[in-house]
Amino acid sequence: MGIGRAEWRWDRWLIGAGLLCLVVVAPLVAVLFGLGQTGPEWGHVASTLLGDYLKNTAILAIVVSLLALLMALPAAWLVVTHEFPGRRVFEWALVLPLAFPTYVAALAYLQIPEMLIPTLVWVREQFGVDAFMLAQTLLRYGLLSVVLASVLFPYIYLSARTSFAHHNRALIEASQMLGQSGRATFFRIALPLSRPAIIAGLSLVVMEVLNDYGAVNLLGVPTLADGVFRTWFGLEDRVSAIRLAGLVTLIVLVLIGLEYAQRGKRSFADARTEERPIERCRLGRIGGIFAVICCGLPLTAGFLYPAWKLGQWSLLNLRDSVPSHFLPMLGRSLALAASASLMIVSVGFLLAFTARGCQSRSWKGLLRAATLGYAMPGAVVAVGVMMVFGNFDQWLDSNVLLSGTLLAVLFGYLTRFLAVAYQPISAGMDRLCGRLDEASQLLGDRRGRTFGRVILPLMRRPMLAAGMLVFVDVLKELPLTMILRPANFETLATKAFGLAKEGRIHEGALPSLAIVMVGIVVLIPLNRSLRGGGEQA
Amino acid sequence: MTCLELKGVSKRYDGAVQDALHALDLEIEEGEILGVVGASGSGKTTLLRLVAGLESPTTGELRIGGLKVAGGGAWVPPEKRGVGLVFQEGALFPHMTVEANVAYGLRGLSKEERMARLHYLLAMVNLRAAALRYPHELSGGERQRIALARALAPNPKMVLLDEPFSNLDPNLRTYLRDQLLAIIRKVNATALVVTHDTQDALVISDRLAILRDGQLVQHGPSRDVYHTPNDAYCARLFGPANALPEAWSGVAVGKGRPWIRPRELELLENEAPGTLEVQVHATQFLGDQLGVLVYPIGVDRAHEEPLLVHEDLYGHLHEVGATRWIRLRSIV
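All figures in this text were calculated on a predicted structure; none of them were measured in a lab.

Conventions and cut-offs
Residues numbered from 1 in each chain as written. Chains lettered and ligands numbered in written order. Predicted model: local features only at pLDDT ≥ 70, side-chain atom pairs only at ≥ 80, totals over all residues. Helix = DSSP H or I, 4+ residues; strand = E, 2+ residues; numbered from the N terminus. Buried ≥ 20, exposed ≤ 12 C-beta atoms within 10 Å, placed from the backbone. Contact = placed C-beta atoms within 7 Å. Nonpolar A, V, L, I, M, F, W, Y, C, P; charged D, E, K, R; others polar. Domains from an automatic or database assignment. Pairing = 2+ DSSP bridges. Axes fitted to C-alpha atoms, helices over the stretch in contact; angles between N-to-C directions. Core = buried A, V, L, I, M, F, W, Y, C linked by C-beta atoms within 7 Å. Parallel < 35°, antiparallel > 145°, perpendicular 65-115°, else oblique. Left-handed = near helix turned anticlockwise from the far one by under 90°.

Peer 1: How would you explain the overall build of chain A if you had to name every residue and give the values?
Peer 2: Counting its regular elements, chain A contains 23 helices and two strands. Scored against the burial criterion, the 537 residues of chain A give a buried share of 46%. Partitioning the intrachain contacts of chain A with sequence separation of at least 6 by distance along the chain shows that 84% fall at a separation of at least 24.

In structure tokens, the structure reads:
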């Protein structure tokens, strides 16, 4: 018998979905358990490396956050509330840097330290070795921060833009009528009202910084995620790597908790006021130039410059012929991303369908845990997957090992990207299907038939959107793929990174550009649907 | 002295085919309350936003306190016009306390002066106890009173009220209306009140302006506008009105009274001088009074509307088909 909203009980569907959640969350649980492990090398790692990892991660998180805020907030405010030359283009184009994985952007910027060598030499000659070392360190940290902020600021830009566009116009006008200038209104009214949205965007930026492996590695700033790699593969100290991964997991959980707590403070938002879209104010010549600079700089840093560099290098590469390894690698990457999307969207759909109307707290908790993977660095998830599969292999005690197979890679993607598929599918189901499943059940359909006849046909579009998002994320994914992939299995991401690591940045441009192009194809319609969802056109 | 003066003000929005407001001439004297009424889309809100400086006129001039604020190349932005605005639902800043909301527009005062002004304003709207509460902790009426205090805080030259009583339940509405009126009168503020509720407009306004399709169709003291409407639109904006029966024109009421309110008519059982013979067509129970629909004898019922008379509920019985005589009551 089917189950209505009013009467939920633990039936076969729910038990099956619950078990699925447990499987998905298993790598994260394994990593947390790993915190309790001790090994002979941990003392060395803790005393010599951990401090640097923590310091670097904290410095990067803070500097990148500040830079990203500086890039995102003025641009978001200007495109929503002012009219200036190019505003319509900037409005959508400022999302484009999201198409760049951090390591691809870093690759485009790798030439800058080389170009600055004469300056560094001059510093050494003028001020001595210490000043030279300091300048070199500052250059590395500074460049990495700019690269990360340039491609991550759209997370804040998107949430702030949506929030500014939904502000009650009367509040802004009330501030003006009470004698406040546009700037004072921005700082005293618009910013505080958008604080929850801005912090939500900011927390994504911080989590991406924690997750980053490629860019920090290329520019030589070891962070915690990089440390997991170094201890596992460099020092071959698995226990310490697992402990580090556990530590990152704890930090991420604390961050999620903080973000969740600040979201609870939204109660001051006055839901009863009528919301009218903000009317744009036309800027004069000087103001217009200022606005173009505010929007143009982040766009140039996060998209135009790296795209130009990659395009230039790719053309150099293609002048003779397409490298022989490129097309098979492209096919392999697309096939892997497509199969991962299919699997993850199916699981997301099944969970969202089962979750409909269920009020059970334990089920909700389980679901939240299963979608936590998105906040965890890829390296941490990979470590968890290796622990789970390693134990499984031991338990099987056969010659067939699951670790190091594509199954492990796909499982890692499932844990890491389930939330990416689950959120849009769940939202779509709430919006589209209403109480249709109840109607279908009352007309005599069992749950499985309702699933096939009513829900599935209605959910095509949200599932397609979810699939596209997962597809791009899988295509861009680097650390998890690097750790879990079978030997000699190259994707666009691993190849681009590998070539850059070997100093063959020109050759790395072509696979990088392919990743970015696919990202853009998905981002543009997605951004349009976001704007269509309520913002003023 | 004239506080607000509009000369030939028109406003056409981008892409619109006709003016939202057309060639408007209007004045408000200092200390006067002007009510602006009209159907939806008549241009009431556009007028208010033009005065506030939230829109600029396409043509025409606006002066506040004698100073040209818009038109003829002049433009004073909203924050420099010295005009207070009370929004439809208050538009209180949700992240600030009541105290911070009211003090938001106070500038150039010492801390003591600021506190004194704040206390005065909160006492004026009878909400001193709510100083540290947030807007979402207030009732609808309290929010509107705080919004008025906030608008009056910087001592504006005039205050604009945009549908201040809409979305309130009827009891609270009457209470709040009386309170706001008392406060505005107490500080002798000049006010422009935009409302679609003509009852509110009649109660609070010294003068009324009626807009239709962006044009000013009538304005004057509230009583005159109510009793001598220019046309059917102005007449029916304030409730039911009867067109003067042809048989009566020039006889009973003469020129200038083409529209008669149901309450201005009286039904008599016997003929008297200046009366018109009618037949009862139907009756309507209206709660505190009885509506009696009558036709003058001899009119073509297929083409004429019946006359509506509001009678005392506890007066005479008026059976359908009975013959009666109607007379015009004298207005006090």
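Let us keep going from here.
Peer 1: Describe the interface of chain A and chain B, and please don't skip the residues or the numbers.
Peer 2: Listed by partner, the interface residues are 21 residues for chain A and 21 residues for chain B. Elements that contribute at least two residues to the side of chain A that touches chain B include exactly helix 8 (169-177) and helix 9 (182-211) of chain A. Each residue belonging to the side of chain A that touches chain B can be placed in one class, and the counts come to ten nonpolar, seven polar and four charged.

Peer 1: Explain the domain arrangement of chain B residue by residue, including any values.
Peer 2: As assigned here, chain B comprises domain 1 (2-236) and domain 2 (260-328). With centres defined by C-alpha atoms, the gap from domain 1 of chain B to domain 2 of chain B works out at 41 Å.

Peer 1: Got a sec to walk through the sheet that holds strand 1 (residues 2-11) of chain B? Specific residues and values, please.
Peer 2: Residue and element names in this part refer to chain B. The strand order 2-1-4-5-6 describes an open sheet built from five strands, whose pairing is antiparallel. Each of the sheet's edge strands pairs with one partner strand only, and the pair in question is strand 2 (21-29) and strand 6 (74-75). Examined bridge by bridge, strand 4 (residues 59-64) and strand 5 (residues 67-71) share three bridges and lie antiparallel to one another. Across the sheet, the residue bridging to Leu62 is Ala70, located in strand 5. Packed on one face of the sheet, helix 1 (residues 44-52) meets strand 1, strand 2 and strand 4 and runs near 120 degrees to strand 1.

Peer 1: Outline the sheet that holds strand 9 (residues 190-194) of chain B, listing residues and values.
Peer 2: Residues and elements named next belong to chain B. Here we have six strands laid out as an open sheet, ordered 7-8-9-3-10-11, and mixed in their pairing. Of all strands in the sheet, those bounded by a partner on one side alone are strand 7 (83-86) and strand 11 (215-221). Across this sheet, the average inter-strand angle for adjacent strands is 20 degrees, counted without regard to direction. Bridge count for strand 3 (residues 33-38) against strand 10 (residues 207-212) is five bridges, and the pairing is parallel. Residue pairing across strands places Gly38 opposite Leu211, the latter belonging to strand 10.

Peer 1: How would you explain the nonpolar core if you had to name every residue and give the values?
Peer 2: By size, the foremost hydrophobic cluster in this structure holds 249 residues, and its most contacted members are Ile156(A), Val228(A), Ala379(A), Val383(A), Val470(A) and Leu192(B). The leading source of residues in this core is helix 2 (residues 42-81) of chain A, at 15 residues. When residues are assigned to domains, this core turns out to be shared by domain 1 (2-236) and domain 2 (260-328) of chain B, each giving three or more. Ignoring anything within four residues of it in the chain, the contact list for Ile156(A) reads Ala68(A), Leu69(A), Ala72(A), Leu73(A), Ile198(A), Gly201(A), Leu202(A) and Val205(A).

Peer 1: So what's going on with the environment of Leu480(A)? Which residues, and what values?
Peer 2: All names here are of chain A. Note that Leu480 resides in helix 21 (residues 479-484). You can call Leu480 buried: it has 29 C-beta atoms within 10 Å. As for Leu480 and Gly378, which are separated by 102 residues in sequence, their C-alpha atoms are 4.7 Å apart. Contacts of Leu480, omitting those with residues within four sequence positions, involve Gly378, Ala379, Val381, Ala382, Gly412 and Arg416.

Peer 1: Break down the packing of helix 4 (residues 140-152) of chain B against helix 5 (residues 170-186) of chain B for me, with residues and values.
Peer 2: Residues and elements named next belong to chain B. At a minimum axis separation of 10 Å, helix 4 and helix 5 run at an interaxial angle of 15 degrees. With respect to helix 5, the axis of helix 4 lies roughly parallel. Both helix 4 and helix 5 take part in a crossing whose hand is right-handed. Residues Gly140, Gly141, Gln144, Arg145 and Leu148 of helix 4 form the contact with helix 5, whose participating residues are Leu172, Tyr175, Leu176, Gln179, Leu180 and Ile183. Broken down by class, the residue content of the contact of helix 4 with helix 5 amounts to six nonpolar, four polar and one charged.

Peer 1: Describe the packing of helix 2 of chain A against helix 9 of chain A, naming the residues involved and giving the relevant values.
Peer 2: All names here are of chain A. Running from N to C, helix 2 and helix 9 point in directions that differ by 135 degrees, and their axes come no closer than 9 Å. Considering their axes alone, helix 2 and helix 9 lie oblique with respect to each other. Viewed along their axes, helix 2 and helix 9 form a crossing whose handedness is right-handed. Touching Thr57, Leu60, Ala61, Val64, Ser65, Ala68, Leu69 and Trp77 of helix 2 are Phe186, Ala190, Leu202, Val205, Val206, Val209 and Leu210, all from helix 9.

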